[in-house]
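Per-entry structural report
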Amino acid sequence: MRTTVGIIGAGPAGLLLARLLRNAGIDSVVLESRDRAYVEHRQRAGILEQGTVDVLREAGAGERMDREGLRHDGIELRFARQRHRVDFPALTGGRSVMVYAQTEVCKDLIALQLAEGGPLLFGAEALAVEDADTDGPRVRFRHEGREDVLECDYVVGCDGFWGVARTAIPSELTQVFERTYPFGWLGILADVPPSHDELVYARHDRGFALLSMRSPSVSRLYLQVPEGTDAETWGDEAIWDELERRFETADDWRLQRGPITQKSVTPMRSYVHEPMRYGRLFLAGDAAHIVPPTGAKGLNLAVGDVVTFARALIHEREKGSADLLEAYSETCLRRVWQAERFSYDMTSLLHRAPDATGFEDRLQLARLERIASSRAAETDLAQAYTGFPFD
């Protein structure tokens, strides 16, 4: 099998890249180890930055998002029983975010790829990336019980932290930067309308809490819990009771309860792999970087990576210059490190460390008071939350 761009992984990054290349007249093949049902139902991110929304629209993949997604023009910060709204459009020149689940993005892009794009092979397990430092990289994969080879001009690894793409870069050429956090998020899905029309980020002495949503009738909520917590040790009523404590305000706001349909614990980690390019192999998304979910940056960073690659390849085809492809890692990492910074700042601002002192508690409250009272500080948060430029 032969193609111009071999894409490993049919998450939102790989699928969007295939769409961008198809629109530019560049052929690709997407290899995905899981089946279609798994890809379309794995729960992940739900916040799309302004730039991601714009790219999906431009790619012809925004129709259902615009119809069913929930545009959000701000978030609410809660601390010391106070409420402070951050108004995104007023602080960023009109930018906002969209609540639209990653599962729905994948469904839209899969439908487009199967109808209009190149091959999308489910159940195709990538085994190795070979000859990445030559003009003819190859992906060995297993599909329908037999091994095959995908010959490419370029390989883009969108196959996550545990995929084969990242391991194809010689270890002596790489640097890894990482941080693990001593807490995680206990997340629930509940069949109850959201108790607020925008996301609520709450800092509390008992730990962080987040009120989010998946639709007008389905709520998504999170609690900070100790690292290694088993979700099943938390009963439903205990979860709702703890959420009520952490979202408490001085006014008459109330948290609405409903049946919990799903619960799980997400670990918190920061990770960056440098470089993101080796020869004609390019890493995108979780294959190269992971952020704690506090800043809502994971999916959006992956989109930024594939947009950067697509633009660089189109530039090479139109101008005959590979300079943008050669600069891919440096270009992406500038944005990645800004997102890592913001995600770390949000995490340290809102979560209480197990060994936190009274001094550190007061610093958190002082930082939150600064955001609530300073337009400059508030603007910095709004600009980062709605998204860093892709270029």
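Here is what the cut-offs are and how they apply
Residues numbered from 1 in each chain as written. Predicted model: local features only at pLDDT ≥ 70, side-chain atom pairs only at ≥ 80, totals over all residues. Heavy atoms only, no water. UniProt positions renumbered as here; feature names shortened; annotations may be inferred. Helix = DSSP H or I, 4+ residues; strand = E, 2+ residues; numbered from the N terminus. Pairing = 2+ DSSP bridges. Expected span 1.5 Å × (residues − 1). Buried < 20%, exposed > 50% of the residue type's maximum accessible area, 1.4 Å probe, protein only. Arc of directions from axis to C-beta. Contact = heavy atoms within 4.5 Å.

By the naming in an unreviewed UniProt entry, the chain goes by 4-hydroxybenzoate 3-monooxygenase and is assigned to Streptomyces cellulosae.

Some details on the UniProt feature "domain: FAD-binding" (unreviewed entry) in the chain
Those residues carrying the UniProt feature "domain: FAD-binding" (unreviewed entry) are residues 2–343 in this numbering. Annotated as 31% helix and 33% strand, the span residues 2–343 places its first and last C-alpha atoms 39 Å apart.

A closer look at the pairing of strand S6 (residues 82–87)
With six bridges joining them, strand S5 (residues 74–79) and S6 adopt antiparallel strand pairing. The partner of Phe79 across the bridge, within S6, is Gln82. From the end of S5 to the start of S6, which pair antiparallel, there are two residues, and Ala80 there has a positive phi angle of about 50 degrees.

Focus: helix H11 (residues 358–373)
With 16 residues, H11 should reach 22 Å at 1.5 Å per residue; the first-to-last C-alpha distance of 22 Å fits that figure. Looking at H11, one finds that the buried residues are Asp361, Gln364, Leu368 and Ile371. Seen end-on, H11 carries its buried residues on one side only, within an arc spanning 85 degrees. Projecting away from the buried face of H11 at angles above 90 degrees are the exposed residues Phe359, Arg362, Arg370 and Ser373. Contact partners of the buried residues in H11: S5, S6, strand S14 (199–203), helix H10 (328–350) and helix H12 (375–386).

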